[in-house]
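# Observations on chain architecture
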Amino acid sequence: MEEAIQIQVNGESRVWRSGGTVGELLRELNIRADRVAVELNLEILDRNDFDRRSLTPGDRLEILSFIGGGSPKDHNRSIRSIRWATIV
Amino acid sequence: MGDDRLSIAGREFKSRLWVGTGKYKDFVETQKAIEASGADVVTVAVRRVNITDRSKENLLDYIDPKRYTILPNTAGCYTVEDAVRYARLARAAGVSDLVKLEVIGDERTLFPDTAGLIEAAKILIKEGFVVLPYTNDDPIVAKKLVDLGCPAVMPLAAPIGSGLGIRNPYNLRIIMETVHVPIIVDAGVGTASDAALAMEYGADAVLMNTAIAGAQDPIAMAEAMKYAVHAGRLAFKAGRIPRKLYATASSPIEGML
């Protein structure tokens, strides 16, 4: 029987199986490997290594991808409430 | 203006309007606005994937990376370390070495921390990144960034999301005369005339997000910005008449009764 281990994924703890790889985890989470960056204990992994890197207890994994952005902070649409016709 | 392409670090861009992808209602609106803007460079941020709700759609389902140049930013980074980390993650998540480098100095103004920006640019350029720095309208900093190897600089017009337009046209002009790389005016544009002005001053491109996404009709504003940037560019190339205090008749006096 596979041993259950505890890992951190995007800041949340998660049960994973000992020996399970990063690639397997991504597939289980239904995440396309070609669209993410994965950081394992602060080391950015090469996409080609996802299926080779197995996880060990306490590993901290960050999975990131591109989202809408253009400016540093999400202001949401409340900015529309500030409508200055002229500022002179 | 078919051959009036913008060239940066060996890449060619047909549009001189670059757009951000934040603050839209949804991905459909994002897609329509970008389409209407005619932009071929779109900025994106790098953030944690939502692993609890995998039904959430991906931005790249709507913005085809084959059609658009995806320009990841380091938005939200307040330290050199964070900016460098996010740039590396962006490269790992994407396909190119392009990064819009932001090192933010202050939450209220979102002005760049130019000392941090220079430091981060130095590190990333050494690692082979094509660094497009979001910087203040400071000619000295712009020159330092170019000397480090930035193939373009992106000075702000006004604080991000402020819509105040170009606050210091004279500094922008001095930047344009100081450095000989493309100048992309980034942030602070409020409406179409601001974008046209930036191009008339001689900017090579304008990047904006809030001015479009925050408009009452983002798709119509995206189209307005497309024409504004185009008109401003044409006017700049055409060469405006000098300003004079008094009138000069347009119709000849000769032949009058």
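Cut-off values and rules
Residues numbered from 1 in each chain as written. Chains lettered and ligands numbered in written order. Predicted model: local features only at pLDDT ≥ 70, side-chain atom pairs only at ≥ 80, totals over all residues. Heavy atoms only, no water. Helix = DSSP H or I, 4+ residues; strand = E, 2+ residues; numbered from the N terminus. Rg over C-alpha atoms; globule rule 2.2 N^0.38 Å. Contact = heavy atoms within 4.5 Å. Areas by Shrake-Rupley, 256 points an atom, 1.4 Å probe, with all protein chains shown as cover. Lys, Arg positive; Asp, Glu negative; His and termini not counted. Charge placed at Lys NZ, Arg CZ, Asp CG, Glu CD. pLDDT = per-residue confidence, 0-100. 1 Å grid on protein atoms, 1.4 Å probe; cavity = no way out; pocket = protein on both sides within 12 Å on 5 of 7 lines; lining within 4 Å. Points joined across faces, edges and corners; volume = space filled by probe spheres on them. Nonpolar A, V, L, I, M, F, W, Y, C, P; charged D, E, K, R; others polar. Buried < 20%, exposed > 50% of the residue type's maximum accessible area, 1.4 Å probe, protein only. Arc of directions from axis to C-beta. Pairing = 2+ DSSP bridges. Axes fitted to C-alpha atoms, helices over the stretch in contact; angles between N-to-C directions. Parallel < 35°, antiparallel > 145°, perpendicular 65-115°, else oblique. Left-handed = near helix turned anticlockwise from the far one by under 90°. Salt bridge = Lys/Arg side-chain N within 4 Å of Asp/Glu carboxyl O. Buried area = accessible area lost by both parts, 1.4 Å probe. Polar contact = N/O pair within 3.5 Å; in protein donor to acceptor, adjacent residues only side chain to side chain.

Quick look at the overall build of chain B now. Across its full length, chain B holds eight helices and ten strands. Relative to the 2.2 N^0.38 estimate, which gives 18 Å for 257 residues, the radius of gyration of chain B is 19 Å and therefore close to what a compact globule would have. Principal-axis analysis of the C-alpha atoms gives chain B an extent of 85 × 40 × 35 Å. For chain B, long-range pairs separated by at least 24 residues make up 65% of all intrachain contacts whose partners lie at least 6 apart in sequence. For chain B, the exposed surface amounts to about 12,100 Å²; the carbon and sulfur share of it is 51%. A gap of 1 Å separates the mean positions of the 30 positive and 31 negative side-chain charges of chain B.

Bringing the confidence of the model for chain B into the picture now. Looking at chain B as a whole, its pLDDT mean stands at 93, while 99% of the residues score no less than 70. Reported for the predicted complex are a pTM of 0.88 and an ipTM of 0.85.

Residue and element names in this part refer to chain B. Scanning the entire structure with this criterion turns up two cavities of 30 Å³ or more. The volume enclosed by the second largest cavity comes to roughly 40 Å³. Ile8, Phe13, Trp18, Val41, Thr69, Leu71, Leu98 and Leu132 together form the lining of the second largest cavity. Looking at the lining of the second largest cavity residue by residue, the classes come out as seven nonpolar, one polar and no charged.

Residue and element names in this part refer to chain B. When we look at burial in helix 4 (residues 139-148), the residues that qualify are Pro139, Val141, Ala142, Leu145 and Val146. All buried residues of helix 4 fall inside an arc of 160° around its axis, so they share one side. Exposed residues pointing more than 90 degrees away from the buried face of helix 4 are listed as Ile140 and Asp147. Each element contacted by the buried residues of helix 4 is listed here: helix 3 (114-126), strand 7 (130-135) and helix 5 (169-178). Where helix 4 ends, the next residue or the one after it, Gly149, has phi of about 125°, a positive value.

Turning to the sheet that holds strand 8 (residues 154-155) of chain B, a few remarks are in order. Residues and elements named next belong to chain B. Strand order across the open sheet formed by three strands is 6-7-8, with parallel pairing between neighbours. Of all the strands in the sheet, the pair left with one neighbour each is strand 6 (98-101) and strand 8. Taken together, the two bridges between strand 7 and strand 8 define a ladder with parallel strand orientation. Bridging across to strand 8, Thr135 finds its partner in Pro155.

Let's shift gears to the side chain of Thr74 of chain B. With respect to the helices and strands, Thr74 of chain B occurs in the loop between strand 5 (69-72) and helix 2 (80-93). Residues contacting Thr74 of chain B, with those up to four places away along its chain left out, are Ala83, Tyr86, Ala87, Val99, Lys100, Leu101 and Glu102 of chain B.

In this section: the packing of helix 2 of chain B against helix 3 of chain B. Residue and element names in this part refer to chain B. In contact at an axis separation of 9 Å, helix 2 and helix 3 are set at 40° when each is read in the N-to-C sense. Classed by the angle they form, the pair helix 2 and helix 3 counts as oblique. At the point where helix 2 passes helix 3, the crossing takes the right-handed sense. Along its contact with helix 2, which presents Val80, Val84, Ala87 and Arg88, the element helix 3 presents Gly116, Glu119, Ala120, Ile123 and Leu124. Across the contact of helix 2 with helix 3, the residue classes tally to six nonpolar, one polar and two charged.

It is worth spelling out the pairing of strand 1 (residues 4-9) of chain A at this point. Residue and element names in this part refer to chain A. Covered by surrounding structure in strand 1 are Ile5, Ile7 and Val9 only, the residues Ala4, Gln6 and Gln8 on the alternate face being uncovered. Both strand 1 and strand 2 (residues 12-17) contribute to a ladder of six bridges, which runs antiparallel. Bridge pairing in strand 2 places Ile5 opposite Trp16. Remark: two residues form the turn of the hairpin made by strand 1 and strand 2, two consecutive strands paired antiparallel; Asn10 in that turn has positive phi of roughly 50°. Strand direction decides the pairing type here: strand 1 and strand 5 (residues 60-68), joined by two bridges, are parallel. Note that in strand 5 the partner of Gln8 across the bridge is Arg60.

Summed over all chains, the structure comprises 19 salt bridges over all chains. Here Arg52 of chain A and Asp49 of chain A are joined by a salt bridge, their closest N and O atoms 2.8 Å apart. When its relative accessible area of 24% is taken as the criterion, Asp49 of chain A is described as partly exposed. Its salt-bridge partner being Lys100 of chain B, residue Asp186 of chain B comes within 2.9 Å of it at the nearest N-O pair. Taken together, the positions of Asp186 of chain B in strand 9 (residues 184-186) and Lys100 of chain B in strand 6 put the pair 86 residues apart, joining distant regions of the chain. In this structure Asp186 of chain B comes out as buried when scored by relative accessible area, which is 3%. Residue Lys100 of chain B is classed as buried on the basis of its relative accessible area, which comes to 1%. Residues joined in a network through salt bridges with shared partners are Asp4, Arg16, Arg233 and Lys237 of chain B.

Right, let's talk about the interface of chain B and chain A for a bit. The interface is formed by 48 residues belonging to chain B together with 34 residues belonging to chain A. It is Lys23, Arg48 and Ile51 of chain B in chain B that bury the most area against chain A; as a group they hold 19% of the surface buried on that side. At the boundary of chain B and chain A, one finds three salt bridges. The salt bridge partner of Asp61 of chain B is Arg35 of chain A, with a shortest N-O separation of 2.6 Å. Between the two partners, chain B and chain A, sit nine residue pairs in polar contact (both at pLDDT 80 or more). For the side of chain B that touches chain A, the elements supplying multiple residues, two or more each, are strand 4 (41-48), strand 5, helix 2 and helix 7 (210-213) of chain B. Looking at the side of chain B that touches chain A, the element that brings in the most residues is helix 2 of chain B, giving seven residues. Its residues assigned to classes, the side of chain B that touches chain A comprises 23 nonpolar, 13 polar and twelve charged. As judged from the five bridges shared by strand 5 of chain A and strand 4 of chain B, these two strands associate in the antiparallel manner. Within strand 4 of chain B, the position partnered with Gly68 of chain A by the bridge is Val44 of chain B.

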